[in-house]
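# Fold and geometry: a report
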Amino acid sequence: MARAVTTNRKIAFTVLAWLVGLTLFFPVLWTILTSFKTEGEAIATPPSLFFFDWTLENYVEVQERSNYLRHVINSIVIAVGSTTLGLIVAIPAAWAMAFSPTKRTKDILMWMLSTKMLPAVGVLMPIYVIAQSLGLLDSLSILVVVLMMMNLPIIVWMLYTYFKEIPGEILEAARMDGASLGKEIVYVLTPMAVPGIASTLLLNIILAWNEAFWTLTLTASKAAPLTAFIASYSSPEGLFWSKLSAASTLAIAPILVMGWFSQKQLVRGLTFGAVK
Amino acid sequence: MGAITLEKVTKKFGNVTVIPGVDLEIADGEFVVFVGPSGCGKSTLLRLIAGLEDVTSGAILIDGEDATGRPPARRGLAMVFQSYALYPHMSVYKNIAFPLKMAGIDESVIKQKVEAAAGTLNLTNYLDRRPGQLSGGQRQRVAIGRAIVREPSAFLFDEPLSNLDAALRVNMRLEISELHQTLETTMIYVTHDQVEAMTMADKIVVLHDGHIEQVGSPLDLYNKPANAFVAGFIGSPKMNLVEGAAAAKYGAKTIGVRPEHIELSTEAGEWAGVVSVAEHLGSDTFLHIQVDGIGQLTARVSGEFGVRHGDRVWLTPPADRIHRFDGEGKAM
Amino acid sequence: MATLQTQTAARFMMAPAVIMLLAWMIVPLSMTVYFSFLRYNMLMPGMETFTGFGNYEYFLTDPAFFEAIGNTLLLVGGTLLATIVGGTFLAILMDQPFWGRGIVRLLVIAPFFVMPTVSALVWKNMLMHPVNGLFAWIARGLGFEPVDWLGSLPLFSITVIVAWGWLPFATLIILTALQSLDQEQKEAAEMDGAGPVSIFYHITLPHLARALTVVTLIETIFLLSVFAEIYVTTGGGPGTASTNLPFLIYVQALLQYDVGSASAGGVVAIILANIVAVFLIRMIGKNLET
């Protein structure tokens, strides 16, 4: 709008927006703050906001527990592993659907999306029984496979939309310039698709890191990622709050940062193109 | 070197026949323009020649050899796309070098050829830039450079000037024509703009619904259109086509007379009418006239003809400039 | 655009993804259906007997089942209401000019990226705890008795936690749709004499209709499977007051080891999700045409 916005209006909205934003963010903020308090301080009344003795003892203690590191590694392996495997399978599929569409392409794509709508509970039993009989309960491999299958539709879908944005004529030009299929993919398609692939990678790592059904039901202690580790502290013993806050902050911090970079991808990936 | 022959080439997409059967001979070194309205199949024909689409039946011969089954890379042709299709992540140098790289040519030879092509096209100062940093005309030239460097037997142009503004279009038209004179290579050029066709072509192929309506030199098509469609398509403003009693007088179902050939008078003539719109350009005057018993006709007069909306004028079509068409629209 | 060479290559390239998803869909699904007809308890393996619709009878006549269905619908409905209404207001707010938009946007988006177990525990222990929680402190400060949120209002509290996590999603979608509204349309309406409320009602809202529908459908699909928040806070209780369908199935499966019954429940959950999925797929399909 070319007309000047009145400053009063801008001030009013600024106050309102910041109020709302801070309120919504408050639980996260509170967790981060509590992680720097002593346990006694954490349950003190009245609760202190910023003025207390900041301490790093909780973080030190959390780091010192070796099994915390193991859970971090589990989370990383599961999130990155499932997403990477998914990408390897999905890139060729999305390529084929974007650049050589047939009459059935649309149907196949929608069928793939529909598999994502299957409630996980519906297949809890068979997956559990299969995992058990293969001796894969509480193992990283079963989680990598299961989470890959859960996210595969989204990965294929997102790559498809990014590939479709590459003008077909550029690939035809490569063909006219003498590039074989392989060279076309390596020299032209992949460099142009890298931003899209990166975005897909980012969003799906986030989704896999935060997944809280299979990671809770299929693991016990060895393969438990951070979701399960944190969940094991569900009994309210007040003395643990600071440490719980520290562990939580560490668990969510990387994802919060990644998430802030992937807002657009969120819309693209999770609305399946129904909103542009 | 660049003779192309199409023998009974047909193309179907599913159940839809886009090209029902085309025979065409293109001689080496000719500048051939495929022209026609949207959807007439001209781009499809070009893509069939390029190998980007497979023919449903028929043969495409390049220099006498059957190239119908060959992939695009092995036909020895180069194509300039409507959207230029430059590789956005590569510099101008790399864009032009790409086909040579695909052919496995030595780096030093590539450097030579790219710099030569860049020199011809005034791109030497832009070799390090990316397509995103170039203007439309410059991108156009990079696309042409990429094609030149392959030394193809024929160039294929797919509506290359459509994305340029009017002034640039005129300039690029000249550049492409000059290029043709320099390289003497066959060029097949697709456009919907009949002005481009008329000014650039040695030979024009007029297409309509996949059929070839007429093949001939620009002046042939202008002076002796084979049917009413070609007559109405070539020449701007469009030829006036008249049916009914006025046509019957000349022994035809439809007669046509070009706006620039109509003789105008404010006193007397064969047909009488009232000016509805008068466009004064200084160099010409275009008059749109409601003619009694016939309908809306367009006339063009050189220089200034001072009539206005509502004035009465008389039109006379000169006998030697009347085109007669029979019931099927064919020239008589 | 495609020639014969690329079409054959394409088929090979799609094969792995298609085959894997096919296997993922068919194998576990058919096993679930198969199990649902068995009396199968994991503590006594090898003693499975065919029991026809016995599991379904048992499951569907269990009063816990009806309560679970009811809770599921309440949870989904409540979250939808909160996120859509809240999301719309938030989106409109974020669309206004003010200072620090980037940062506020980040603050609003954050809850979606917090893993559900962390957010549930934070809400449970630090906010909703009747003794040490922040809400309790505020209540006492205002002279009220602190409320035992998760004890006395379990489903409501869980709905709050879930809605907090999904609000950013709704906001982002609605904001995206809002910003895609052509400025010129609104200007044309202004020239036609419409005031801000009229413009909202007659132009903005219909434009948002599609986005709101999408948010509803997609959230519903995901909300039908809420699990972690219940697992970590109330464990479904007190009793089954905050048990939804997924949690009920989980309890049958991994706490009571009753595979048959859990599978029957799984089939019910799948049917429920399918109903919503049909509508969502139709919407997506329409969009894929463009």
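Predicted model only: the values in this text are computed from it and were never measured.

## What to know about the overall build of chain C
Secondary structure summary: chain C contains 13 helices and two strands in total. Taken against the 2.2 N^0.38 rule, which gives 19 Å for 290 residues, the C-alpha radius of gyration of chain C at 24 Å runs more than 25% over that of a compact globule. When its C-alpha atoms are laid out on the principal axes, chain C stretches across 75 × 75 × 30 Å. When each of the 290 residues of chain C is scored for burial, the buried share is 53%. For chain C, the proportion of contacts with a sequence separation of at least 24, taken over those separated by at least 6, is 68%. Entry remark: accessible area of chain C is about 12,800 Å², with carbon and sulfur atoms responsible for 69%. Each charge class in chain C can be summarised by its mean position, and for the 10 positive and 16 negative side chains these summaries are 6 Å apart.

## Some points on the overall build of chain A
Helices and strands together make up the secondary structure of chain A, namely 13 helices and zero strands. Order of helices (α) and strands (β) in chain A, N terminus to C terminus: α-α-α-α-α-α-α-α-α-α-α-α-α. The C-alpha atoms of chain A give 23 Å as radius of gyration, which overshoots the globular expectation for 276 residues (19 Å, by more than 25%). Along the longest, intermediate and shortest principal axes, the C-alpha atoms of chain A span 75 × 70 × 35 Å. Expressed as a percentage of contacts within chain A between residues at least 6 apart in sequence, the contacts between residues at least 24 apart total 77%.

## Some details on the nonpolar core
Formed by 220 residues in total, the largest nonpolar core has its most connected members in A:Met125, A:Trp214 and B:Phe34. Discounting chain neighbours no more than four positions away, the residues touching B:Phe34 are B:Leu24, B:Lys42, B:Leu45, B:Leu46, B:Ile49, B:Ile188, B:Tyr189, B:Val190, B:Thr191, B:Val205 and B:Leu207. Ranked by size, the runner-up nonpolar core spans 44 residues in total, among them B:Phe31, B:Tyr84, B:Tyr93 and B:Val206.

## Things to note about the side chain of B:Glu159
All names here are of chain B. Take Glu159: it is sitting in the loop between strand S7 (154-158) and helix H5 (166-183). One buried charged residue, Glu159, forms no salt bridge at all, with the nearest opposite charge on Lys42 at 4.1 Å. Residues in contact with Glu159, not counting those within four places in the same chain, are Lys42, Ser43, Gln82, Val190, Thr191 and His192.

## Description of a nonpolar patch on the surface
Residues and elements named next belong to chain A. Taken together, Leu49, Phe50, Phe51 and Trp54 make up a surface patch of nonpolar side chains, about 510 Å² in accessible area. Here Phe51 is to be found in the loop between helix H2 (39-42) and helix H3 (57-64). Relative accessible area serves as the criterion here: at 80%, Phe51 is assigned to the exposed category.

## Focus on the sheet that holds strand S15 (residues 284-291) of chain B
The strands that make up a sheet are held in pairs by hydrogen bonds between backbone atoms, and each pair lies either parallel or antiparallel. Residue and element names in this part refer to chain B. One open sheet holds the five strands; their spatial order is S13-S17-S14-S15-S16, and the pairing between them is antiparallel. Across the chains shown, the open sheet's two edge strands, defined by having one partner strand only, are strand S13 (263-265) and strand S16 (295-302). Pairs of neighbouring strands in the sheet enclose a mean axial angle of 40 degrees, with direction left out of account. Direction of pairing for S13 relative to strand S17 (residues 312-316): antiparallel, over a ladder of three bridges. Counterpart to Leu264 in the pairing with S17 is Leu315.

## Some details on the domain arrangement of chain A
Residues and elements named next belong to chain A. According to the domain assignment, chain A contains domain 1 (2-57) and domain 2 (68-270). Its C-alpha centre places domain 1 at a distance of 32 Å from the equivalent point of domain 2. Facing ten residues of domain 1, the contacting portion of domain 2 comprises twelve residues. Both faces considered, domain 1 and domain 2 share a buried interface measuring about 840 Å² in area, 66% of it formed by carbon and sulfur atoms. Together, Ser35, Glu39 and Ile43 form the three largest contributors to the area buried by domain 1 at its contact with domain 2, with a combined 55%. Across the contact surface, domain 1 and domain 2 share zero salt bridges.

## Observations concerning the packing of H3(A) against helix H12 (residues 241-261) of chain A
All names here are of chain A. Running from N to C, H3 and H12 cross one another at 70 degrees; their axes reach a closest spacing of 9 Å. By the criterion of interaxial angle, the relationship of H3 to H12 is roughly perpendicular. Contacts from Asn58, Tyr59, Glu61 and Val62 of H3 reach H12 at Ser242, Lys243, Ala246, Ala247, Thr249 and Leu250. Taken together, the residues of the contact of H3 with H12 sort by class into five nonpolar, three polar and two charged.

## Focus: the interface of chain A and chain C
Taken together, the contact pairs 110 residues of chain A with 100 residues of chain C. Taking both sides of the interface into account, the surface hidden between chain A and chain C amounts to around 9,600 Å²; carbon and sulfur atoms contribute 80%. In this structure, the connection of chain A to chain C is made through eight residue pairs in polar contact (both at pLDDT 80 or more). Looking at the side of chain A that touches chain C, the element that brings in the most residues is helix H1 (residues 7-34) of chain A, giving 20 residues. Among the residues making up the side of chain A that touches chain C, the classes are represented as 78 nonpolar, 24 polar and eight charged.

## Quick notes on unusual backbone geometry
Both trends apply: most residues other than glycine have a negative phi, and most peptide bonds are in trans. Residue and element names in this part refer to chain B. Note that the residue after Ser236, namely Pro237, is joined by a cis bond; omega there is 0 degrees. Residues other than glycine seldom take positive phi values, yet Asp63 does so here, at roughly 55 degrees. Checked against the element boundaries, Asp63 lands in the loop between strand S4 (57-62) and strand S5 (65-66). With phi around 55 degrees, Glu184 is a residue other than glycine that occupies positive phi space.

## A closer look at the packing of helix H4 (residues 136-148) of chain B against H5(B)
Geometrically, a packed helix pair is captured by the angle between its two axes and the distance between the axes. All names here are of chain B. Between H4 and H5, whose axes approach to 11 Å, the crossing angle comes to 20 degrees. One element, H4, and the other, H5, form an angle in the roughly parallel class. H4 and H5 meet at a crossing whose hand is right-handed. Taking contact as the criterion, the partners of Gly137, Gln140, Arg141, Ile144 and Ile148 in H4 are, on H5, Leu168, Met172, Glu175, Ile176, Leu179 and Leu183. Split into classes, the residues belonging to the contact of H4 with H5 amount to seven nonpolar, two polar and two charged.

Conventions adopted
Residues numbered from 1 in each chain as written. Chains lettered and ligands numbered in written order. Predicted model: local features only at pLDDT ≥ 70, side-chain atom pairs only at ≥ 80, totals over all residues. Heavy atoms only, no water. Helix = DSSP H or I, 4+ residues; strand = E, 2+ residues; numbered from the N terminus. Rg over C-alpha atoms; globule rule 2.2 N^0.38 Å. Buried < 20%, exposed > 50% of the residue type's maximum accessible area, 1.4 Å probe, protein only. Contact = heavy atoms within 4.5 Å. Areas by Shrake-Rupley, 256 points an atom, 1.4 Å probe, with all protein chains shown as cover. Lys, Arg positive; Asp, Glu negative; His and termini not counted. Charge placed at Lys NZ, Arg CZ, Asp CG, Glu CD. Core = buried A, V, L, I, M, F, W, Y, C linked by side-chain atoms within 4.5 Å. Salt bridge = Lys/Arg side-chain N within 4 Å of Asp/Glu carboxyl O. Patch = residues over 30% accessible without salt bridge, like charges linked within 9 Å, V, L, I, M, F, W, Y side chains within 5 Å. Pairing = 2+ DSSP bridges. Axes fitted to C-alpha atoms, helices over the stretch in contact; angles between N-to-C directions. Domains from an automatic or database assignment. Buried area = accessible area lost by both parts, 1.4 Å probe. Parallel < 35°, antiparallel > 145°, perpendicular 65-115°, else oblique. Nonpolar A, V, L, I, M, F, W, Y, C, P; charged D, E, K, R; others polar. Polar contact = N/O pair within 3.5 Å; in protein donor to acceptor, adjacent residues only side chain to side chain. Left-handed = near helix turned anticlockwise from the far one by under 90°.

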